[in-house]
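Fold and geometry: a report
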Amino acid sequence: VQLSVLLPIDEDAYRGAVAAATTPQHRIALVLAAVHAAHPADIRVMRLDDIDIGARRITIGGHTRHIEELTHRTLLTYLDFRRQTWPNTANPHLVVTGQTANDTRPVSDYTIIQLFAGLSATLDRLRVDRQLEEALNRGPDPLHLAAVFGISHHTAIRYSEAARQILYADHAPASI
């Protein structure tokens, strides 16, 4: 099986995703994918009890991590929006819509995926970019990537190899 080459998102595509994040749902999904490398499926099923605002901890896909300032502010804004928009909802999921606020189901796959549909920087692409960025900035260490993101060792090795190729491409001998 041939795997696709992992490359960083270009600045224009990233800016396009940020500009497209016009609603609180968009912004929370953007932050979870771009900062915490959350998979869209994990965003969809995240529950309110996966967030501990006081301790600044968030659990995504079973992996707990620290909430830094941007995520903290975005979560507070989103939770305030959620509380004001659906004050009586019993839905335990973080992301809700007008439909799911009336029951306890998570939002649909479509709801999460369509948030950035049509952009080159989709939520899944933002997730991939975040993991690659970590490998580029902290060094291509698969153990570090597995610990930070809770990813499998196979996936961590793939990101490390991609980072090595990018980091050391400038040092390759010139072809004649």
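Residues numbered from 1 in each chain as written. Predicted model: local features only at pLDDT ≥ 70, side-chain atom pairs only at ≥ 80, totals over all residues. Heavy atoms only, no water.

1. Some remarks on the confidence of the model for the protein
This is how it is decided: pLDDT: the predictor's confidence for each residue, scored from 0 to 100. Comment: elements are numbered from the N terminus, with helices defined as DSSP H or I runs of at least four residues and strands as E runs of at least two.
Here the protein averages 91 in pLDDT, and 93% of its residues register 70 or above. Confidence, read as mean pLDDT per element, is least for helix α5 (residues 109–113) in the protein (89) and greatest for strand β1 (residues 51–52) (98).

2. Quick look at unusual backbone geometry
Counted only if it meets this: Remark: exposure states derive from per-residue accessible area (1.4 Å probe, protein chains only) relative to the maximum for the residue type, with buried under 20%, exposed over 50%, and partly exposed in between.
Despite not being glycine, Ala37 shows a phi value in the positive range, around 55 degrees. With respect to the helices and strands, the residue Ala37 is situated in the loop between α2 (24–36) and α3 (40–45). For Arg56, which is not glycine, the phi dihedral falls at a positive 55 degrees. Relative to the assigned elements, Arg56 resides in the loop between β1 and β2 (57–60). You can call Arg56 partly exposed: its relative accessible area is 24%.

3. A short note on the packing of α2 against helix α6 (residues 123–138)
Condition: Axis definition: a line fitted to C-alpha atoms, over the contacting stretch in the case of helices. Angles run 0 to 180 degrees between N-to-C directions. Throughout, the term roughly parallel applies to angles under 35 degrees, roughly antiparallel to angles over 145, roughly perpendicular to angles from 65 to 115, and oblique to all others. We call two residues in contact when some of their heavy atoms are within 4.5 Å. Ten residues, namely Ala, Val, Leu, Ile, Met, Phe, Trp, Tyr, Cys and Pro, are considered nonpolar, four, namely Asp, Glu, Lys and Arg, are considered charged, and the remaining ones, Gly among them, are considered polar.
For the pair α2 and α6, interaxial distance at closest approach is 6 Å and the crossing angle is 30 degrees. Compared by their axis directions, α2 and α6 come out roughly parallel. From α2, Ala29, Leu30, Ala33, Ala34 and Val35 reach across to α6, where they touch Leu123, Leu126, Arg127 and Arg130. Broken down by class, the residue content of the contact of α2 with α6 amounts to seven nonpolar, no polar and two charged.

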